[in-house]
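Per-entry structural report
Here is what each chain is made of, one letter per residue.
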Amino acid sequence: MEATIVLYGIVAALAELLGGSLVVLRKQWPKQVQEYLLALGAGFILALVFLELIPESLKAAGSYAPLYILLGYAVLHFFEHTIVGHLHFGEETHPEVMVSRIASISTFVGLFIHAFFDGFAISVGMRYDFYLGLLIFFAVLLHKIPEGLTIASVMLAAAHRRRTAFLASAAIGVATMLGIVSVFLLTDIDESIVGAAFAFTAGVATYVGASDLIPEINHSRNRIIPLLVFGGMLLFYGGTVLLGPMVGHAH
Ligand SMILES: [Zn+2]
Ligand SMILES: [Zn+2]
């Protein structure tokens, strides 16, 4: 089981690296693709939060679930937008605010912690209920390429070398793996801790959808992008219809 979870983590980390490589190698690629991925990712993860993660959290952690959900949301808010001044998903296009190396390092730290919790969420989800973990994995995967783009482009905007920008995206991939492995340390601990950790990840996922991804979509000038959020919700529905019977999950 742990080997399977590690494999999913590696796929997510590789998507991160792919995003970073696109920026570092300055490959010609359609820029709208990152917005499409962010919009689909937002719709998918928010449907996952409201239809599965919150109801399941209430089962897993009982009356304490709302507190853990809020805690998960608060922890990401603290690391991404309280101690970090300028962090948003997608390629960095504001070099004027990103000239400082200190700003780029604090963005790096914010994304490192975000990515740690991406991995943590996949791993806790799979540990709690493999089917839910699989859905969390897809939700994370959808925004991993834009995440790799984000960190590599922030590093370049702060005049770091290309090699450093690439290594930064690799390090964010490693953070995802650390999140995956950290859950294995919970193995011998009471199942109630797993329930609490699961509710915490529901808060983390809410933050990623509503505060990391949705604001980027609202900034887009392309009017197709907000519509694609509904596409992400439909994608989630399609995913549950397909995956549910495959892993023998019934509601
Ligand atoms: Zn910016
Ligand atoms: Zn992420």
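Here is a short report on the structure shown in this document. Every chain is numbered independently, its residues counted from 1 as its sequence is written. To read the labels, note that chains go from A and ligands from 1, taken in the order they are written. Owing to the predicted nature of the model, reporting of local features is limited to residues with pLDDT of at least 70; listing and counting of side-chain atom pairs is limited to 80 or more, with chain, interface and lining totals taken over all residues. Side-chain numbers come from the whole structure's heavy atoms, not from hydrogens or water.

Attention now goes to the coordination of the zinc ion (ligand 2). Each metal's donors comprise the N, O and S atoms found within 2.8 Å of it (within 3.2 Å for Na, K or Ca). Water is not part of the atom list, so some coordination spheres may appear incomplete. In the first shell of the zinc ion (ligand 2), the protein supplies His114 (NE2), Asp118 (OD), His143 (NE2) and Glu147 (OE), at 1.8 to 2.0 Å from the metal. Under this scheme a four-donor centre is tetrahedral when all angles range from 85 to 135 degrees, a four-donor centre is square planar and a six-donor centre octahedral when opposite donors are above 155 degrees with the rest from 65 to 115, and any other centre is irregular. Note that the zinc ion (ligand 2) binds 4 donor atoms; their angles at the metal cover 97 to 120°, and the shape is tetrahedral. All donors to the zinc ion (ligand 2) come from one chain, and their sequence spacing reads H-x3-D-x24-H-x3-E. Within this pair, whereas His114 is found in helix α4 (residues 101-128), its partner His143 is found in helix α5 (residues 130-157), the two being separated by 29 residues in sequence. Take His114 and His143: they sit in the same class, and that class is buried. Only DSSP runs of H or I reaching four residues or more are called helices, and only runs of E reaching two or more are called strands; each is numbered from the N terminus. Remark: exposure states derive from per-residue accessible area (1.4 Å probe, protein chains only) relative to the maximum for the residue type, with buried under 20%, exposed over 50%, and partly exposed in between.

Among the secondary structure elements, Leu135 is positioned in helix α5. With relative accessibility at 0%, the residue Leu135 sits in the buried group. Once the C-alpha coordinates of Leu135 and Gln28 are considered, the two residues, 107 residues apart in sequence, prove to be 31 Å apart. Setting aside chain neighbours within four positions, we find Leu135 in contact with Phe44, Leu48, Phe236, Thr240 and Leu243. The contact criterion used is simple: two residues touch if any of their non-hydrogen atoms lie within 4.5 Å.

Here the focus is the environment of Glu96. The topology assignment puts Glu96 in the loop between α3 (65-81) and α4. Among the residues examined, Glu96 registers a relative accessible area of 57% and is labelled exposed. Distance in space between the C-alpha atoms of Glu96 and Phe79 is 23 Å, their sequence separation being 17 residues.

Let's shift gears to the environment of Phe78. Position of Phe78 among the secondary structure elements: in helix α3. Measuring from C-alpha to C-alpha, the distance between Phe78 and Glu35 comes to 25 Å, with 43 residues separating the pair along the chain.

With that settled, consider empty space enclosed by the protein. Cavity: a set of points on a 1 Å grid over the protein atoms alone where a 1.4 Å probe fits but cannot get out. Pocket: an open set with protein on both sides within 12 Å along at least five of seven lines, its lining residues, like those of a cavity, having an atom within 4 Å of a point. Grid points are joined across faces, edges and corners, and a volume is the space filled by probe spheres set on the points. The final tally for this structure, using the stated rule, is 1 cavity of 30 Å³ or more. Considered as a void within the structure, the largest cavity measures approximately 60 Å³ in volume. Along its surface, the largest cavity is lined by 13 residues, and Ile45, Ala121, Ile136, Val140 and Ala205 are the ones closest to its centre. The set of elements that each furnish at least two residues to the lining of the largest cavity consists of α2 (32-61), α4, α5 and α7 (191-219). A per-element tally of the lining of the largest cavity places α7 first, with 4 residues. Here the residues of the lining of the largest cavity sort into 10 nonpolar, 2 polar and 1 charged. Residue classes follow a fixed rule: Ala, Val, Leu, Ile, Met, Phe, Trp, Tyr, Cys and Pro count as nonpolar, while Asp, Glu, Lys and Arg count as charged, and any other residue, Gly among them, counts as polar.

The subject of this paragraph is the nonpolar core. With 68 residues, the main nonpolar core has Leu48, Leu53, Phe117, Phe120, Ile122, Leu135 and Ile136 as its most contacted residues. Breaking this core down by element, the ones donating at least two residues are α1 (2-24), α2, α3, α4, α5, α6 (162-182), α7 and α8 (224-246). If you tally residues by element for this core, the top one is α5, at 13 residues. Leaving out residues up to four positions away in the same chain, Ile136 has contacts with Leu48, Leu53, Ala121, Ile122 and Gly125. In this description, a nonpolar core means a group of buried Ala, Val, Leu, Ile, Met, Phe, Trp, Tyr and Cys residues linked to one another through side-chain atoms lying within 4.5 Å.

All we've got here are geometric facts, nothing functional implied.
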